[in-house]
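If you want the building blocks of each chain, they are given just below.
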Amino acid sequence: MTDATSTSTSTSTSASPVGAAHPSPVAGAIRRANTERAGALVGYLPVGFPSLDESIDAAVALVENGVDVLELGLPYSDPVMDGPVIQRATVAALQSGFRLTDAFTAVERIRARVDAPVLLMTYWNPVLQYGVDRFADDLVSAGGAGLITPDLTVDSGADWLATSDRTGLDRVFLAAPTSTDARLRLAIEHSRGFVYTVSTMGITGARSDLDAAARTLVGRLRAQGADSLAVGIGVSTADQIAEILGYADGAIVGSALVKALADGGVDAVGRLAAQLAVGTGR
Amino acid sequence: MTDIIPPQTASLRAESGPFFGEFGGRFMPESLIAALDELDEAYQLAKLDPEFHRELAELGRTYTGRPSILTEVPRFGRHAGGARIILKREDLNHTGSHKINNVLGQALLAKRIGKHRLIAETGAGQHGVATATAAALFGMECVVYMGEVDTERQALNVARMRLLGAEVIPVTSGTRTLKDALNEAFRDWVANVESTHYLLGTVAGPHPFPVMVRDFVKVIGEEARQQVIDLTGALPDAVTACVGGGSNAIGIFHAFLDDTSVGLYGYEAAGLGVDTLEHAATITKGRPGVLHGSRSYMLQDADGQTLDSHSISAGLDYPGVGPEHAWLASIGRANYRPVTDADAMAAFRLLCTTEGIIPAIESAHALAGTLELGRELGPDATILVSLSGRGDKDVETAGRYFDVLDEQGNAIV
Ligand SMILES: Cc1ncc(COP(=O)(O)O)c(C=O)c1O
């Protein structure tokens with residue numbers, strides 16, 4: 001398949017209908033990174049690992065070392081989209097007493113120290129139990145930008161669509177290589193911030209070969225009108241990031257950062273972020 | 001008999017998802033939606049195809065041993081207030097439980113969609129054994145995920161699966177039981193969805209699983225309803241079953257949903273007691289939430305983290321329950337009650353010694369509930385019980401429980 005859309009569309013000014021009503025801090029940060037550099041680096045870390053304080057320090061270190069958008073994972077008992085590295089970290093966070101309200105504390109304290117937008121990545125049941133509206137209001141109060149929902153698709157998310165429209169929070173839905181064009185359109189129309197482009201069929205975890213599937217999927221999403229796309233799952237090196245930013249607007253790194261934090265602490269994760277940021281042209 | 005004619009309402013049997021009232025749905029990663037849609041479509045087509053039904057019925061007759069028989073158990077019934085107790089013998093099916101009905105249905109469907117690899121989760125191992133059996137029968141590859149805790153307490157079934165040619169992967173994540181085996185199976189499916197069918201073993205999970213699995217097991221109640229009428233000349237007063245995810249229960253309940261005179265009773269595992277933290281009484285003690293792709297009752301803490309469940313029976317040790325049961329509970333059509341480990345084991349022993357039938361410990365929960373229900377309803381009552389499985393797999397657990405075997409599994413003489 002030829003890839004006519006492989007150049008980054010950083011100069012695109014088209015805004016989605018929902019984006020027009022609520023200017024998205026995440027889309028803004030991604031656009032800026034595409035104007036100034038090859039594109040945006042999105043960094044994932046779980047809240048509360050290895051401790052709440054260290055997870056906050058680690059997130060701050062990511063931003064200080066070149067991460068444009070933070071994605072904070074909420075530890076959850078049944079994380080079906082996560083591989084062993086992230087599972088180990090989130091299980092440890094749960095065992096040391098993680099509570100949902102820690103997520104708002106973390107967002108607030110991170111935002112007091114650095115300016116990057118912060119998304120929470122959460123499985124749906126914790127939000128449902130906290131109350132969708134209450135969760136959104138507390139996230140807004142903490143200065144959070146929105147949610148990435150790995151097990152909530154647009155067609156199952158009516159309450160979240162309504163709440164995010166009311167609060168103006170960003171909402172990031174996923175697009176997968178197996179998604180039909182109609183489903184890609186659904187994700188594009190309803191995402192605000194970016195569309196999370198799943199690079200490969202599989203769960204989180206570093207991979208040495210990034211699927212050609214990612215490039216193909218980005219091409220399909222562009223053809224359906226997507227203007228803010230970040231590619232994730234399996235991304236772990238500056239070279240992969242540089243390659244991705246050749247056709248997408250952002251690259252998402254998770255397990256590699258979590259592993260660095262687990263093995264070497266806050267300093268190590270900061271150093272890795274700086275190395276990865278080279279891939280964005282920093 | 002009442003002379004008030006009830007208003008004409010839609011049949012409770014007509015529910016076909018994705019939602020049952022406010023329960024059910026599909027809360028799943030986007031990566032799996034295409035596979036779920038493909039499965040749903042294939043199932044809708046198969047449902048309308050007489051050839052599919054013919055093939056499935058033929059397998060039922062020549063492989064499973066359908067129809068399964070009814071057995072009246074008067075000596076056991078004396079302990080149930082003298083009620084007339086009738087067992088539906090799913091324990092006599094090939095592979096030893098009701099699970100084979102669902103497995104053959106889904107395996108046939110997988111063949112139609114062109115998948116050559118079956119994966120499954122299993123708790124007690126009965127569903128894993130049934131899946132391994134179907135994979136052998138259809139010449140498919142088979143991987144079974146089983147919590148490490150369960151591989152230990154159901155070692156015999158692990159051996160059976162391996163003998164049948166399946167790979168058994170002990171799951172060491174989370175609580176290392178059935179719910180984590182489901183998580184691991186979903187992770188496998190996300191990565192291998194092109195080649196693989198996830199053969200989910202109960203009426204839980206995302207749409208279309210709850211409806212599709214129910215349709216494959218409802219033959220249990222359809223047979224039993226006619227068999228009871230043939231035997232007694234009337235409908236039973238009550239139908240009972242154990243409830244883990246809920247497949248044998250919905251299997252026997254479904255044919256009776258519109259028979260308003262028939263009480264439906266599901267028995268959940270109360271473990272050490274519903275006032276302890278060691279139980280699996282999902283409907284009794286849980287609240288609605290999303291687990292494994294559907295909205296239903298589940299055991300969870302205030303933050304929506306799934307709680308560990310406990311039951312002496314691996315097959316009931318699950319913190320969720322199928323959405324159709326949540327709905328039947330919410331509209332009051334079926335009753336769900338807890339049964340402790342101790343009461344289940346007493347009923348297990350009683351059926352062994354009064355009737356010469358060794359039940360699965362899962363099914364023993366239904367038997368224990370039936371003993372109590374019989375005393376409530378009195379000697380004129382007829383109660384149909386789902387004897388969902390046989391106890392061969394549980395001989396070691398029960399042997400230790402009753403001091404017939406020592407800790408090493410050697411006979412105590
Ligand atoms: C014999 C038997 N009965 C019951 C169950 C519980 O499952 P369900 O509630 O889906 O019937 C199991 C599960 O392994 C089983 O093996």
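Residues numbered from 1 in each chain as written. Chains lettered and ligands numbered in written order. Predicted model: local features only at pLDDT ≥ 70, side-chain atom pairs only at ≥ 80, totals over all residues. Heavy atoms only, no water.

(A) Focus on the overall build of chain B. When helices and strands are tallied, chain B shows 16 helices and 14 strands. For 413 residues, the compact-globule formula gives about 22 Å, and the C-alpha radius of gyration of chain B, at 20 Å, lands near that figure. Counting only C-alpha atoms, chain B reaches 60 × 55 × 50 Å along its principal axes. The 413 residues of chain B split such that 61% are buried. Roughly 14,800 Å² of accessible area belongs to chain B as shown, and the carbon and sulfur atoms make up 53% of that amount. Each charge sign in chain B was given a centre, from 35 positive and 53 negative side chains, and these centres are 3 Å apart. (Helix = DSSP H or I, 4+ residues; strand = E, 2+ residues; numbered from the N terminus. Rg over C-alpha atoms; globule rule 2.2 N^0.38 Å. Buried < 20%, exposed > 50% of the residue type's maximum accessible area, 1.4 Å probe, protein only. Areas by Shrake-Rupley, 256 points an atom, 1.4 Å probe, with all protein chains shown as cover. Lys, Arg positive; Asp, Glu negative; His and termini not counted. Charge placed at Lys NZ, Arg CZ, Asp CG, Glu CD.)

(B) Just the side chain of B:Thr196, in detail. All names here are of chain B. Relative to the helices and strands, Thr196 is located in strand 8 (residues 196-198). Given a relative accessible area of 0%, Thr196 falls into the buried group. Ignoring anything within four residues of it in the chain, the contact list for Thr196 reads Lys115, Arg117, Ile119 and Trp189. (Contact = heavy atoms within 4.5 Å.)

(C) Focus on the nonpolar core. With 186 residues, the main nonpolar core has A:Ile110, A:Phe194 and B:Trp189 as its most contacted residues. Element by element, the count of residues in this core is highest for helix 12 (residues 255-277) of chain A, at ten residues. When residues of this core are assigned to domains, at least three fall in each of domain 1 (27-63 + 98-213) and domain 2 (68-96 + 219-401) of chain B. With residues up to four places along the chain from it excluded, the contact list for A:Phe194 reads A:Val26, A:Ile30, A:Leu119, A:Ile148, A:Val172, A:Phe173, A:Ser228, A:Leu229, A:Ala230 and A:Ile252. Ranked by size, the runner-up nonpolar core spans 34 residues in total, among them B:Val73, B:Ile85, B:Leu87 and B:Leu373. (Core = buried A, V, L, I, M, F, W, Y, C linked by side-chain atoms within 4.5 Å. Domains from an automatic or database assignment.)

(D) Focus on the domain arrangement of chain B. Residue and element names in this part refer to chain B. Looking at chain B, the domain boundaries give domain 1 (27-63 + 98-213) and domain 2 (68-96 + 219-401). Its C-alpha centre places domain 1 at a distance of 23 Å from the equivalent point of domain 2. Listed by partner, the interface residues are 34 residues for domain 1 and 35 residues for domain 2. Carbon and sulfur atoms make up 59% of the surface buried where domain 1 meets domain 2, a total of about 2,600 Å² over both sides. When the buried area of domain 1 at its contact with domain 2 is split by residue, Phe27, His98 and Arg153 rank highest and sum to 25% of it. Where domain 1 meets domain 2, there are zero salt bridges. Seen at the junction of domain 1 and domain 2, the total is twelve residue pairs in polar contact (both at pLDDT 80 or more). Elements with a minimum of two residues in the side of domain 1 that touches domain 2: helix 4 (99-113), helix 5 (126-138), helix 6 (148-153), helix 7 (155-163), helix 8 (178-192) and helix 9 (209-217). Ranked by residue count, the leading element in the side of domain 1 that touches domain 2 is helix 8, at five residues. Along the lines of polarity and charge, the residues of the side of domain 1 that touches domain 2 split into 16 nonpolar, 13 polar and five charged. (Buried area = accessible area lost by both parts, 1.4 Å probe. Salt bridge = Lys/Arg side-chain N within 4 Å of Asp/Glu carboxyl O. Polar contact = N/O pair within 3.5 Å; in protein donor to acceptor, adjacent residues only side chain to side chain. Nonpolar A, V, L, I, M, F, W, Y, C, P; charged D, E, K, R; others polar.)

(E) Here's a closer look at the environment of B:Ile85. Residue and element names in this part refer to chain B. Its location among the elements puts Ile85 in strand 4 (residues 84-89). For Ile85, a relative accessible area of 2% puts it in the buried group. Along the sequence, Ile85 and Arg75 sit ten residues apart, while their C-alpha atoms lie 9.4 Å from each other. If we ignore the near neighbours within four places in the chain, the residues touching Ile85 are Thr71, Glu72, Val73, Phe76, Gly77, Ala80, Thr370, Ile383 and Val385.

(F) View of the site of the ligand. Residues and elements named next belong to chain B. In the vicinity of the ligand, 19 residues are found, and the nearest of them are Thr202, Gly244, Gly246, Ser247 and Ser388. Between the ligand and Gly246 there is a distance of 2.7 Å, counted from an oxygen atom to a backbone nitrogen or oxygen. At 2.8 Å from an oxygen atom of the ligand is found a main-chain nitrogen or oxygen belonging to Asn248. Coverage of the ligand by the protein chains reaches 98% of its 390 Å² of free accessible surface. Residue assignment for the shell around the ligand shows that the elements contributing at least two residues are strand 9 (238-243) and helix 11 (247-253). Residue composition of the shell around the ligand, grouped by class: five nonpolar, twelve polar and two charged. (Near = heavy atom within 4 Å.)

(G) Representation of the UniProt feature "active site" (unreviewed entry) in chain A within the structure. Residues and elements named next belong to chain A. Within this structure's numbering, the places UniProt gives as "active site" (unreviewed entry) are Glu71 and Asp82. With respect to the helices, strands and loops of the structure, Glu71 is situated in strand 2 (residues 69-73). With sequence-adjacent residues up to four places away left out, Glu71 is seen in contact with Val42, Gly43, Tyr44, Leu45, Leu119, Met121, Ile148, Tyr196 and Ile252. Here Asp82 is to be found in the loop between strand 2 and helix 4 (84-95). (UniProt positions renumbered as here; feature names shortened; annotations may be inferred.)

(H) Representation of the packing of aromatic side chains in the model. Overall, the coordinates contain 16 aromatic pairs over all chains when judged by the stated rule. Arranged with centres 5.5 Å apart and planes meeting at 50°, the rings of A:Phe104 and A:Tyr130 form a pair that is tilted. Of this pair, A:Phe104 sits in helix 5 (residues 100-113) while A:Tyr130 is found in helix 6 (residues 124-130), placing the two residues 26 residues apart along the sequence. The class for A:Tyr130 is buried, based on a relative accessible area of 9%. Taking 5.9 Å as the distance between ring centres and 70° as the angle between the ring planes, the aromatic pair formed by B:Trp189 and B:Tyr198 counts as edge-to-face. What makes B:Trp189 buried here is its relative accessible area of 1%. Look at B:Tyr198 and you get buried, because its relative accessible area is 0%. (Phe/Tyr/Trp six-rings, centres within 6.5 Å; stacked < 30°, edge-to-face > 60°.)

(I) Structural context of the interface of chain A and chain B. In this complex, chain A contributes 33 residues to the contact, which on the side of chain B involves 32 residues. Interface area, chain A with chain B, both sides summed: about 2,700 Å², of which 49% is carbon and sulfur. Where chain A touches chain B, the interface holds three salt bridges. Put simply, A:Asp78 and B:Lys179 hold a salt bridge, and the shortest N to O gap is 2.9 Å. The set of elements that each furnish at least two residues to the side of chain A that touches chain B consists of helix 4, helix 6 and strand 6 (174-175) of chain A. The greatest single-element share of the side of chain A that touches chain B, amounting to five residues, is contributed by helix 6 of chain A. A class-by-class count of the residues in the side of chain A that touches chain B yields 19 nonpolar, nine polar and five charged.

(J) Inspection of helix 7 (residues 132-142) of chain A at higher detail. Residues and elements named next belong to chain A. By the burial criterion, the buried members of helix 7 are Val132, Phe135, Ala136, Leu139 and Ala142. Down the axis of helix 7, the buried set is contained in an arc of 125°. They therefore lie on one face. Where the residues of helix 7 are buried, they touch helix 5, strand 3 (118-121), helix 6, strand 4 (146-148) and helix 8 (158-167). With its phi angle positive at about 90°, Gly143 sits one or two positions after the end of helix 7. (Arc of directions from axis to C-beta.)

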